Every structure is written in structure tokens, then in C-alpha cells.
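Residues per chain, in single letters:
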Amino acid sequence: MKQNEKEVTVVADCTSCDGTGLFGFRDKLGVTCWDCEGSGKMSITYTPFIERKLRHEWQITEVCQRSSLSMRLGTPISYKEFLEGKFPETPIEPEIPKD
Ligand SMILES: [Zn+2]
């Protein structure tokens, strides 16, 4: 797979074993980390942020709020308003009827 020219790859501590290459078990028994094969390192590839990318094909923007029960959408605004710094209104928490 050809790497995107804007992407940057760095070597970092393995997030699974915190860079040790090992997992510890009882009686100080260490086993090698499955994710980094004991090296303690991992490669992270990312694209550095330069500026927000535009999506001119979109016209409406809504804020999405996730609750434990469902996902609700707030009052929509135009994509132009969003680019001007306005943020869609947060949806109002619905009242849950009590028994
Ligand atoms: Zn590891």
C-alpha cells in the first residue's frame, strides 16, 4: 500500500505493554507482548492537522449528542454558518416520565 505523502510515521512506546515488551503475571512471570512481539515499540502513522477540510457538498450541520438510550440531533444550521464559527444548538434532554 502506498503511503500518503502527507502522512508521518513515528516510532512510539507500544500502548499495549507501555513500552516494556512484556506483560507481567503472578510471581513476577513476564510474557512477551503480542502486539509488539517484545520490542516495546510500535509505529504510529498519522496526517498532521493543517486546517479544517471543506465539504462543500454538505449544506446542513447538526450537533449529535449521544446518550445512553439513543442518539439525538439538535437544531440544524447551514454549513456556511458552521464555517463562520456558529455551532449547532445542543439537543434538549427529553423528560423521562416517572412511574
Ligand atoms: Zn508491546
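What counts, and at which threshold
- Residues numbered from 1 in each chain as written.
- Predicted model: local features only at pLDDT ≥ 70, side-chain atom pairs only at ≥ 80, totals over all residues.
- Helix = DSSP H or I, 4+ residues; strand = E, 2+ residues; numbered from the N terminus.
- Buried ≥ 20, exposed ≤ 12 C-beta atoms within 10 Å, placed from the backbone.
- Contact = placed C-beta atoms within 7 Å.
- Pairing = 2+ DSSP bridges.
- pLDDT = per-residue confidence, 0-100.

1. Here we look at the overall build of the protein
Line of reasoning, step 1. For the protein, the helix and strand inventory stands at one helix and eight strands.
Line of reasoning, step 2. Order of helices (α) and strands (β) in the protein, N terminus to C terminus: β-β-β-β-β-β-β-β-α.
Line of reasoning, step 3. Residues classed as buried in the protein amount to 4% of the 99 residues present.
Line of reasoning, step 4. Taking the contacts inside the protein whose residues are at least 6 apart along the sequence as the reference set, 34% of them involve residues at least 24 apart.

2. A few points about the pairing of strand S2 (residues 22-25)
Line of reasoning, step 1. The sheet contact formed by S2 and strand S3 (residues 29-32) spans four bridges and is antiparallel. Across the sheet, Phe23 pairs through a bridge with Val31, a residue of S3.
Line of reasoning, step 2. In this antiparallel pair of consecutive strands, S2 and S3, the connection spans three residues, and Asp27 shows a positive phi of 60°.

3. As for the pairing of strand S4 (residues 41-46)
Line of reasoning, step 1. Along S4, only zero of the six residues are buried, which leaves the element largely exposed.
Line of reasoning, step 2. Note that strand S1 (residues 8-13) and S4 share six bridges and pair antiparallel. Among the inter-strand pairings, Ala12 is bridged to a residue of S4, identified as Met42.

4. Remarks on the confidence of the model for the protein
Line of reasoning, step 1. Taken as a whole, the protein shows an average pLDDT of 83; of its residues, 78% reach a score of 70 or greater.
Line of reasoning, step 2. When pLDDT is averaged over each element of the protein, S1 comes out on top at 97 and strand S6 (residues 64-66) at the bottom at 64.

5. Concerning unusual backbone geometry
Peptide bonds are, in most cases, trans, and in most cases residues other than glycine have a negative phi.
Line of reasoning, step 1. Even without being glycine, Asp27 reaches a positive phi, approximately 60°.
Line of reasoning, step 2. With respect to the secondary-structure elements, Asp27 resides in the loop between S2 and S3.
Line of reasoning, step 3. By C-beta crowding, Asp27 is classed as exposed, having 5 other C-beta atoms within 10 Å.
Line of reasoning, step 4. The residue Glu37 is not glycine, and still its phi comes out positive at about 55°.
Line of reasoning, step 5. Within the secondary structure, Glu37 sits in the loop between S3 and S4.
Line of reasoning, step 6. In this structure Glu37 comes out as exposed when scored by C-beta crowding, with 11 C-beta atoms within 10 Å.

6. Points about the environment of Gly21
Line of reasoning, step 1. By the secondary structure assignment, Gly21 is in the loop between S1 and S2.
Line of reasoning, step 2. For the pair Gly21 and Lys41, spaced 20 residues apart in sequence, the C-alpha to C-alpha distance is 7.6 Å.

7. Structural notes on the environment of Phe23
Line of reasoning, step 1. Counting through the fold element by element, Phe23 comes out in strand S2.
Line of reasoning, step 2. In the structure, Phe23 is positioned 15 residues away from Gly38 in sequence and 9.3 Å away in space, judged by C-alpha atoms.
Line of reasoning, step 3. Here Phe23 is in contact with Cys17, Gly30, Val31 and Cys33, once residues within four sequence places are set aside.

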